[in-house]
Each structure stands twice: as C-alpha cells, then as structure tokens.
Amino acid sequence: MKGFPAWPGKVIEPKPEIKVRSKKNHQFVFFFGSENYAWVPNESIWLYPEHKSRFTLTSRIPKGFKEAMESVEDILKANAATASASVPEADASSSSGDLDSNKSDNPDLPSIEEEIAQIFGDKSEPTPKKDYSREPLASKSSAKKSPMGSANGDADEENSGEDEPLSKLSDSKEAPAKEKRERKPPKKNEDFVTDFDEEAKTKKVKDDQVEKVKKERKRKAESTPPRPKVKNQKLLVKFGGTPSKCSPIVSPVKRQLVPNADSGTAIIEQKNIIPTPAKIGFIGLGIMGNGMVTNLLASGHEVTIWNRSPHKCKEHTRVGALKVDTPVQVVKSCDITFSCVSDPAAVKDIVFGNSGILEGICSGKGYVDMSTIDVETVTDINEAINAKGGRFLEAPVSGNKFMAETGQLIILTAGDKKLYKDCYSCFEAMGHRTVYLGEVGNGARMKLINSSIMGTMLTGLAEGLALAEKVGLDQEEVLQVLDFGSLSCPLIKDRGKAMMEGRYEPENLVRNFQKDMRLAINMGDQTDQPLPVTAVSNELFKKAKAMGYADNDVSAVIRAIDA
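On a predicted model such as this, the values are computed, not experimentally measured, just so you know.

### A look at the overall build of the protein
So, step 1. Secondary structure summary: the protein contains 19 helices and 19 strands in total.
So, step 2. Counting every position in the protein, which comprises 563 residues, the buried fraction comes to 47%.
So, step 3. Long-range contacts, defined as pairs at least 24 residues apart, comprise 67% of the intrachain contacts of the protein with a sequence gap of at least 6.
So, step 4. Element-wise, carbon and sulfur atoms account for 52% of the exposed surface of the protein, whose accessible area totals about 29400 Å².

Here is the structure:
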C-alpha cells in the first residue's frame, strides 16, 4: 500500500480455510514480523538477496520491520545449510511492504509452523499451533500489527478469513496518514435548542402517560351517566422538557375543562411547575400579555406589573400581583422583566422613553421582550441593554388569546442563553413549546416567517369559503372535507368555523397581524427575496382594516374578499 515500506515475506500455499483460493498473476505471501498474509501481484515481488540493499530502511525503522529482517536472515542461513538436500526457498521483498520469492512447486517445503519454530526456537512447554487462516501467529510482535500490501495499493490482504486492510505500523510512533478520508456529517446549528431535545428518550413514558389518560377517560365515561356531547373536544397532553441538556421533566397530567368559543370545551393540563425564586416583572396587559400574567401568577411566580391603562391591572392585583406606576419601577424591583406590547414603536417607547426600562437596567438585570417587532429594533434594544451591563432575550410568541390564557403558546427565543435558562419556569407557565434560536434577531426572523405563512393560509381559506358560497356549496361541508385530509389543523378548523359563522371576537387582531406581514415584507425587501403571495395577503388585511375590522379577529379578512 502507498506510504508503507517494503517488507520481508515468503510465498506459501494458501490454507484451505482461505475464502479466495487463487488470484491470477498473484502469489499468497506470509509476512515475517507481523505474521500476516496477503495476495500480492507478481510485479510487486522481488528476490530478497538481490534487492536487499534497495529496500532496506535506513532511518525510522519500525520494530516489526527489524524483527522481519532478522527472521528472513535466519531463514536464509538455515536454508543455506540444507541447500544440498532440498530445493532452496526464495525469500523476497515486495515494493508494497511485501517481500517474497517465486512460488515453489516442491510439495515437501516445511510448514509455516516449522519455519516459525526455526526462527524462535523450541519452547520447554508445548503450545497449541495456531491456524494462519484464522488469526496471526502469537509472537512478541503480534500485539501490534504492521501494515502490509503493495506500494501501489494492489495487494488484497486477508485476515481471519475476511478482506481487511491493516492500518497501523507495529510499534511505530508516527503512523502514516490514511488515504481514504472519512466523510464528515454536515455541521449542525449548535445554538438551536428546543425544550424537547430529549423527548425521544422518554417516548415510552409519554406513551404510558397518554394510555393512562385514555383509560381514565374511558373508566369515567363508563361509570357516569350520558351527558350532552361536546363538539371537537380535545385532549392536550404536555410533556415538559428542560432548556438545558438535562433529561426532560415529565409533569403529571391533571385535566381541566376550559371553554373555547371555536372548539367547544377544550381539555388541557394543569402544569406542576416549580417557580423560579427570581422576582418577575411584566409590562403590557393586552390581548396576549393578560393571559401570560394570569399563568405566571397561577404557577406561583412573584409578579410585578405595569400597563398603560391601569384598570387592566385590577384583576391581577386581586390574586397577588404588585402594581407599580412606571416601567422603570418594574425593572428596579425585579430580577427579570418581561414585556409584550403591540408594535416596534410601543417597544421603543417603554424601553427608551421617560421612566423607561433602560433607566432601571444595571448589571445582572434581565429583560425579555415578547413582542413581534423587526430585527433592527430588537438589535438596537439588545445593544442598549448590554451597554448598561444587563442581559437581553427576545421571545416573540406564536399563538392567540386562547393559547395565551391556557399556557399553550409557542415561544421563539434568541439572545442571552443563561437568561433563557433562568426563565425556564416562566416559559413553562406561559407556553407549550419553547425554542432557542441563537443570536439576537433570529427570534424576530422566525416569527415574521411564521406570520407570513399563516397570513397566506388565512387568505387562501377565506377565498375558498367565499367561492364555495358563490357556487352553492355548504361551507361547513367544505371545512369537513378539509379536515379529512392533510389540511386538517387547528388554524383551518377554528378560523374556518369563525369565518363561516361571521364570528370575529378577537383572538388575534387584524391590525396586529397586518403589522407582522408588513414587517415580513420589509425583511424580504432587505434581502431581495420576492414575497408576492405575502404581499397580496397583506393587501387583503389592509383592506379589512380600512373596512373597520382592525380590532376584530383575523378571520374577519373574509369580509375583504366578500366586498
């Protein structure tokens, strides 16, 4: 093989156990020192006496090579003494690291065992003979194998009845580099972390938990009298996970009935959460923030709140929240402050404005913004917070009012990873899944892409239902057909039902959603990425706003299509 020295060897008859019985223009060679063997092409074999000086190493000689040279010299001396009585055996050296002689036709040649006995001498205690076709000979060099083969890589080595190339020099400190490089797998984004990275390891636990819930439901159903059937009843079973590399925590499932205008009565879990000892602040009690604070308080967190409209704080102060007068007071009295407001302008106002968040930030303070804003704004806030020694994490959420109230939001975080871990119990209380995406800005990018896709789905659904009405199809039957196939999802079922019934109670406001789509289009402009479908959907949401549906649910976009 390329990169290896020539090696003393001897042509022998292959053992019966060898899988490859013969090879054209090849000789079966036993290698001294390494006690291995291989098929070697004829053109790679030279007679040892005539080419000794050509192939003998002069520097960096492996220990196995020295032993092989001594062995072949001993063989030559022994053969010289008996040359008159038998056909001399030709010892050779191969250019690939394999030396040998031309194959002899004399059937009376001594066996390999006899040759080894001549080299190392008889021992006082008999040792079992070893089969060369199964393993190499046991000797002082057998613990470390030497590479054999031709210099051009043509020798096919056989060990233990299998074709395996030997890859290490015997006792050599500097092994030659392998010619064949192992293919490396693609580099993964190490920053991407989800709170269910270890969930695959707990699949059995998850299956057992779900099975227990099913059995419990069946038992109760059989033991209680019949009651009115609730449409689209759902069982949402959550298995929490840690944001670090620890094993996930599986919370016992406690079911609770929660009314949902779209899906009837939903069954969700009551989470067993150990709240962080850190003091938590929350700014913004809008359509999403109100439900988030409710879940923080219900899970045992100590929460201080502030909102532009003070009357929205009353229901939370009744259950233990502390109300203050300015955002800076929230930051000064808390270790970690969350905010969730409507748009970039509102975020800048509470951060950089008078008595804003930035005034209270100091070393060790953490700030988590859960608003949907553009990458430029979130980057500016991150730089300002870090400049004052604080820690920043962006955490925009995907979901609606009902998901916020029931703690089922999808939380997309990026920024300070230690702060991400410190917020674990808070995210567990507010969300169904939490994802860490790396550097600041990735959370905003992910949320805007998510909003772009959802916006185009909503407008497509509205168009389909409007068309069904025009051609005389029952819209409810259309939704049933969609539910049978791959389009079956909560977005299609819930928003479709609201569109069909003309029910636009706000779950996700038209004006907020249109803002998200506008920011997504701006992001596409900055990267020269065409977004024609998103742009058309954005225009429909703008039209719905102009028609007076800005503070209604996104399902009101169907009115822009019907008009």
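### Overview of helix α5 (residues 289-298)
So, step 1. The buried count for α5 comes to eight of 10 residues, which makes it a mostly enclosed element.
So, step 2. Those residues of α5 lying buried are G289, N290, G291, M292, V293, N295, L296 and L297.
So, step 3. Of the residues trailing α5, G300 is marked for its positive phi of about 95°.

### Digging into the confidence of the model for the protein
So, step 1. In this model, the protein carries an average pLDDT of 76, and 65% of its residues clear a pLDDT of 70 or more.
So, step 2. For residues 87-107, every residue scores under 50 in pLDDT, and the model assigns this stretch 107 contacts once sequence neighbours within four places are set aside.
So, step 3. The low-confidence segment residues 227-257, where pLDDT is below 50, has 90 contacts with residues more than four positions distant or belonging to other chains.

### Topic: the side chain of S371
So, step 1. Structurally, the position occupied by S371 is in the loop between β15 (366-369) and α10 (375-387).
So, step 2. Looking at S371, the relative accessible area reads 3%, which means it is buried.
So, step 3. A distance of 2.9 Å separates a polar side-chain atom of S371 from the backbone nitrogen of V341.
So, step 4. A polar contact is formed between the side chain of S371 and the side chain of D369, at a distance of 3.0 Å.

Cut-offs applied
Residues numbered from 1 in each chain as written. Predicted model: local features only at pLDDT ≥ 70, side-chain atom pairs only at ≥ 80, totals over all residues. Heavy atoms only, no water. Helix = DSSP H or I, 4+ residues; strand = E, 2+ residues; numbered from the N terminus. Buried < 20%, exposed > 50% of the residue type's maximum accessible area, 1.4 Å probe, protein only. Contact = heavy atoms within 4.5 Å. Areas by Shrake-Rupley, 256 points an atom, 1.4 Å probe, with all protein chains shown as cover. pLDDT = per-residue confidence, 0-100. Polar contact = N/O pair within 3.5 Å; in protein donor to acceptor, adjacent residues only side chain to side chain.

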